[in-house]
Amino acid sequence: MRYFMVLVGLTILAAFGGAPADAQVKAAKKEPLVEQVRKAIERGVSYLRQQQRTGGSWDDKVVNHPGGGSCLALLALLNCGVPPNDPVVTKGLDYLRTLRNPTTYVRSLQTMVFVEAGYNEDLGRVQRNVDHLIDIRLPRGGGRLDGWSYDYPGNPGARADNSNSQYAVLALYMGRVGGAKINSKIWEEIREFYTRTQGDDGGWSYAPLDRGAFRKDQTTLTMTTAGLSGLLIAGMELNKGREVLRPDGTADNCGVYKENEPVRRALSWVGSPARFRFEQPQRTFYNLYGIERAGRLSGLRFFESHDWYREGCQFLVRRQHLTENGGYWSEPNGWDAWQVVSTSFSLLFLSKGRTPVLISKLTHRPPGAADDLDWNNDRNDARHLVDFASKNLFKKLPLAWQIFDVRRAVDLQGGNRAPTEDDLLEVTSDLLQSPIVYFNGHKSPLRRFTDVEKDMLKRYIDNGGFILAEACCGSKAFDRGFRQLCEELWPDTPLEPLPAGHPIWGTHFPVAAGSFKLHGLQMGCKTVLVYSPEDLSCRWEANKHDGDGRLAFWLGANIVAYATGMEPPRPRLSRVDLANVKEDPRSVQRGYLKVLQLKHAGDWNPAPRAMPNLMAHLRDRAGLDVVLKAEALPVHFKGVMDFKFVYMHGRKEFHFDDNELANLRFSLENGGLLFADACCGKAPFDKSFREFIRQLLPKHKLEPIPSNDELYGAALNGEELTEKNIRCRREKGGEFRPMTPELEGVKINGRWAVIYSRYDIGCALERHSSSDCLAYNHESALRLAGAAVLYTLRP
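Criteria and cut-off values
- Residues numbered from 1 in each chain as written.
- Predicted model: local features only at pLDDT ≥ 70, side-chain atom pairs only at ≥ 80, totals over all residues.
- Heavy atoms only, no water.
- Helix = DSSP H or I, 4+ residues; strand = E, 2+ residues; numbered from the N terminus.
- Buried < 20%, exposed > 50% of the residue type's maximum accessible area, 1.4 Å probe, protein only.
- Phe/Tyr/Trp six-rings, centres within 6.5 Å; stacked < 30°, edge-to-face > 60°.
- Expected span 1.5 Å × (residues − 1).
- Contact = heavy atoms within 4.5 Å.
- Polar contact = N/O pair within 3.5 Å; in protein donor to acceptor, adjacent residues only side chain to side chain.
- Core = buried A, V, L, I, M, F, W, Y, C linked by side-chain atoms within 4.5 Å.

*Asks:* Before we go on, may I ask you to explain the environment of Ser268 in this structure?
*Replies:* Assignment of secondary structure puts Ser268 in helix α11 (residues 260-271). Here Ser268 falls in the partly exposed class, since its relative accessible area comes to 38%. Along the backbone, Ser268 and Gly203 are 65 residues apart, and their C-alpha atoms lie at a distance of 9.1 Å.

Here you go:
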């Protein structure tokens, strides 16, 4: 039996602990990109720390912009997670407070640093900087905006340019976020400025001339990302009050944005294969920061055929120059030679783009209708909901949202060929980096998703994802089409109204059941899809937190809390390992591990993918010969004795007659193992299981498995299973917290014949644990269930 050979070594499973030496070598050669990025950020932060001068500044060598490099270094450090009270930051802030008459660049960056650091003593400085930037906009004294100039001391009349202008706009935006007061007239001027100065080809040049006054060869990627970002920021700031909600739940101006067409043209310019590139003469790192900003503000995961963050990370980790205690970025020529500046731009790209993605907003459109934007009538709905959830659920942890085009992702993965099963798994893994997929619209979605996209929706849910859908403005067409879509994709699982007792109504905020007519699609013990036929998105778009607006945000936060189980997503690029559960062996040979799942009256199969997921994981990570699909038999069948590993799961009360238990009793007394867990920690199953064990094995008792037992040991698992790698939620709505494994068991002849968890493992193996589920998290469930299998198979 091949699995016995695998178990001879002490380190067996990389996922449960250390890997064998040759596996470690291979892993080092192919380190996950997320780890490469993390280490690159750590090295860059270390480098900037070392470069700080005694007085708190950095020797940035930037001509005519004293303090600019210091501002960039501090902005990068803060965005990389260095706390505001860290000595390197406090010393740097003290230095920035001494700057006198800084240039437009420096004043803008200084403002952003003050807002990021968040010290009350700098609020006045932020407002004064904002007022100054408004005063020096050109032409001074008002009129049609021409942008911002360098504003050198003693040279106030310099010509405006789009580089200075983009930093001034960023400072105004961050200043407003930090509490500064800005008249909406300024944002109207900015939107008109970028609309007027956009070239006929959709791009912008360095000199902000009226459309048609510059040639196409004068447009650049750096200035086009600057113009695009300026348009998006102005649109966001002018969004308040744009949509007017009616009593019937619909909204005037839904989907209407003055900047829609200029934004579309700019995105087309940026994504053009002939124009999109990271390297730019003398401005590569400045260019990267512009791309990140445009990607983040637009929410787009892809610029046409470019997965901009992944590709940019691959570019930067290769370009970092390593030092003894850190790493920096620079190129030999021009502005890229300034190491502090180039390193800061690089860190801003890596750190801001790395922000965990809470919600992926799906595109959907008929094939060939690239300009159809019905999926994005409310451009800021996901942004505002994520911001609210970040502040109210996840202790102000920075979280992001993204627009995810499944059709494009599959095409990029498959290239010019039809996508394979591995391609589809890769895209599913990518999408699962965000725990919630969201889509809405006015038009019926039924024919707007291709067959591949529909398959991806099913795969996403099957592997632990959660879908939130909504009929924008209460659209009847979307409602009819969505219900038909659900019937097509999940014909055996009805879309039903959420009952009054559903956890979503009170997971975090008190929302009266039925306040919105939510419907849900239930799989096992979790609602995996929530649908609102009434409008929520226009309320999120309006970003008002009173009346119905507040209720919509409370409900949205409750849905997020339920969907995530209050577990924040991991940083972008964190791979979600998916097992190919479709690749069962064509012929089951002698020695293959087969699993039996016991049928019973207590809802015996709420997590049908639990055992296939576990077996595929053991196959892929430990090389075990396994049959993925568990067989299901009642306990009294004689075939029970043919299985060495028996699984039992459920959530309701159950009972067996004494005369039904002889076969299972014989199996357990002769080397078999019963592994069981209470679905979501449900008390009725737990109570029934304990009575079942007393009935099944009356001469033995269920007892706690000691923390030093071999079941948890490194010899079996490759590492000890302790509070260092086991996490569990032990109260409804609580967080996953570290804890020593709490399994119970029955010993017969010196070996565990029964291993039981009163906390859920099965739903966790499916990644379907909700916030009211008392459960181990997914990684812990793999470790504990894997340990039970390996214990069964040990020599």
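Now, onward.
*Asks:* I would appreciate a short explanation of the packing of aromatic side chains in the present structure.
*Replies:* Two aromatic rings, taken as a pair, are described by how far apart their centres are and by the angle between their planes. Under the definition given, this model contains 37 aromatic pairs. Between Trp308 and Tyr309, the aromatic rings sit 5.9 Å apart at their centres with planes inclined by 75°, giving edge-to-face as the arrangement. In this structure Trp308 comes out as buried when scored by relative accessible area, which is 2%. Both rings, one in Phe478 and one in Phe482, keep their centres 6.0 Å apart while their planes meet at 10°; by these two values the pair is stacked. Highlighted residues: Phe478 and Phe482, both in helix α19 (residues 476-489), separated by four residues, approximately one helical turn.

*Asks:* What should I look at first to understand α11 in this one?
*Replies:* Structurally, the α-helix is built with 3.6 residues per turn, so residues lying three or four positions apart point the same way. Counted at 1.5 Å a residue, the expected span for α11 with its 12 residues is 16 Å, and the 16 Å between its end C-alpha atoms agrees. For α11, the complete set of buried residues consists of Pro262, Val263, Arg265, Ala266, Leu267, Trp269, Val270 and Gly271. Elements in contact with the buried residues of α11: α9 (184-196), β1 (204-205), β2 (219-220) and α10 (221-237).

*Asks:* Explain the side chain of Ser770 to me, please; I cannot follow it from the model alone.
*Replies:* Relative to the helices and strands, Ser770 resides in the loop between α26 (762-765) and β23 (775-776). Apart from the residues lying within four places of it in its own chain, the contact partners of Ser770 are Lys526, Tyr562, Gly565 and Arg729.

*Asks:* Whenever I open this one, the side chain of Ser360 confuses me. Can you help?
*Replies:* Within the element layout of this structure, Ser360 appears in strand β7 (residues 357-362). Classification of Ser360 by relative accessible area gives buried; the value is 0%. At 2.6 Å, the side chain of Ser360 and the side chain of Ser434 are in polar contact. Apart from residues no more than four positions distant in its own chain, Ser360 is found in contact with Gln402, Phe404, Leu431, Ser434, Ile436, Val437 and Tyr438.

*Asks:* Before we go on, may I ask you to explain the nonpolar core in this structure?
*Replies:* Within soluble globular proteins, side chains that are nonpolar generally end up buried alongside one another. The biggest cluster of nonpolar side chains holds 133 residues, and the ones touching the most others in it are Leu172 and Ile190. For this core, the element with the highest residue contribution is helix α21 (residues 547-564), accounting for nine residues. If we ignore the near neighbours within four places in the chain, the residues touching Ile190 are Leu145, Trp148, Val169, Leu172, Gly230 and Ala234. Counting residues in each nonpolar core, the second largest holds 45 residues, with Ala622, Leu790, Tyr791 and Leu793 among its members.

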